[in-house]
Amino acid sequence: MRFCIPVASVLVALAGLHSAPATARACAEFVRRLPNVSQPLCESAQLRDTQARSVQNRTLWARDLGVEDAALRVLVVGGIHGDEMSSSAVVFHWIRLAANPPADMPHPVHWRFIPSLNPDGLLARPPKRVNANGVDLNRNFPTPNWHRDATNYWEKRTRRDPRRWPGRHPLSEPESRFLNGQLDAFQPNLIVSVHAPYGVLDFDGPSVPPSKLGRLYLDQVGIYPGSLGNYAGIHRRVPVVTVELPSALRTPSDAEMAQMWTDLLRWAAERLAPVASASP
């Protein structure tokens, strides 16, 4: 008796075998650098290679979870600034929580997690806010009048602070181009951008913002030329929740991260899911 195995299934299996060592190596690097992230936690995230690369040719990893054709699509991004290690760590913990959703979830969600947008900054010694080209990725998005406003802000407000250089032109960096491509391809209804260390909750864009996530309370800190909140929230009209953790070096407790996640789910279900479901 002969058995026929679909070629596609073989290719998928071979791809999984090929990517497993790379994922384990990436997790070993993450574990050495990130607080409160163990090898089992990282490997359980089952990160996939997006085929996008950083300036130094490091993989930009992602993980999709939930219902693929759900009306509500949420993009969660950590590690835009490489020296905010807790931001990437929290995303790994949230991946674990998203993989085990509560039974009473009122609306299905398609999650896309990018735990470290700036791996070159994260893995530099010491870790750096900027990417390997010295660009602040959170000032590199194409907001209107970028060439005028981003440069003026950097020169006059930051006094040419090298940690906040916006780059030579918008989307000059492979990491910012990758994230911009995710906005086009994934078309999220919500972006959650995790940062540190200001200990507040910020919000840009349409909808009513969450008043709190865990112990972080809403305190809108302003709009910056080239920032993700300005670009996606104000100009692309995609709500952006910016989570500013209280420490760049330590995560909140496991219980606090779970409470933040629960509050995010509740707010998204109340404010965003009905709108997303009504969209054509």
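Refer to the structure printed above.
These notes cover the structure that comes with them.

Calculation notes
- Residues numbered from 1 in each chain as written.
- Predicted model: local features only at pLDDT ≥ 70, side-chain atom pairs only at ≥ 80, totals over all residues.
- Heavy atoms only, no water.
- Pairing = 2+ DSSP bridges.
- Helix = DSSP H or I, 4+ residues; strand = E, 2+ residues; numbered from the N terminus.
- Axes fitted to C-alpha atoms, helices over the stretch in contact; angles between N-to-C directions.
- Salt bridge = Lys/Arg side-chain N within 4 Å of Asp/Glu carboxyl O.
- Buried < 20%, exposed > 50% of the residue type's maximum accessible area, 1.4 Å probe, protein only.

**Considerations on the sheet that holds strand β2 (residues 59–66)**
Alright, step 1. Strand order in the open sheet made by the seven strands is β1-β2-β4-β3-β5-β9-β6, with mixed pairing throughout. Each end of this open sheet is capped by a strand with a single partner; those strands are β1 (48–53) and β6 (200–204). Taken pair by pair, the neighbouring strands of this sheet meet at an average axis angle of 20 degrees, ignoring direction.
Alright, step 2. Across four bridges, the pairing between strand β3 (residues 72–77) and strand β5 (residues 190–195) is parallel. Directly across from valine 74, in β5, lies its bridge partner leucine 190.

**Regarding the pattern of salt bridges**
Alright, step 1. A complete count under the given rule lists 13 salt bridges for this structure.
Alright, step 2. Taking the shortest distance from any N to any O, the salt bridge between arginine 236 and aspartate 184 comes out at 2.8 Å. With arginine 236 in the loop between α7 (228–235) and β9 (240–244) and aspartate 184 in helix α6 (residues 174–186), the pair connects residues that are 52 residues apart, well separated along the chain.
Alright, step 3. With a relative accessible area of 43%, aspartate 184 lands in the partly exposed category.
Alright, step 4. In this structure, arginine 215 and glutamate 256 form a salt bridge, with 3.7 Å as the shortest nitrogen-oxygen distance. Remark: glutamate 256 occurs in helix α8 (residues 254–271) and arginine 215 occurs in the loop between β7 (212–213) and β8 (216–217); sequence separation between them is 41 residues.
Alright, step 5. Residue glutamate 256 is classed as buried on the basis of its relative accessible area, which comes to 14%.

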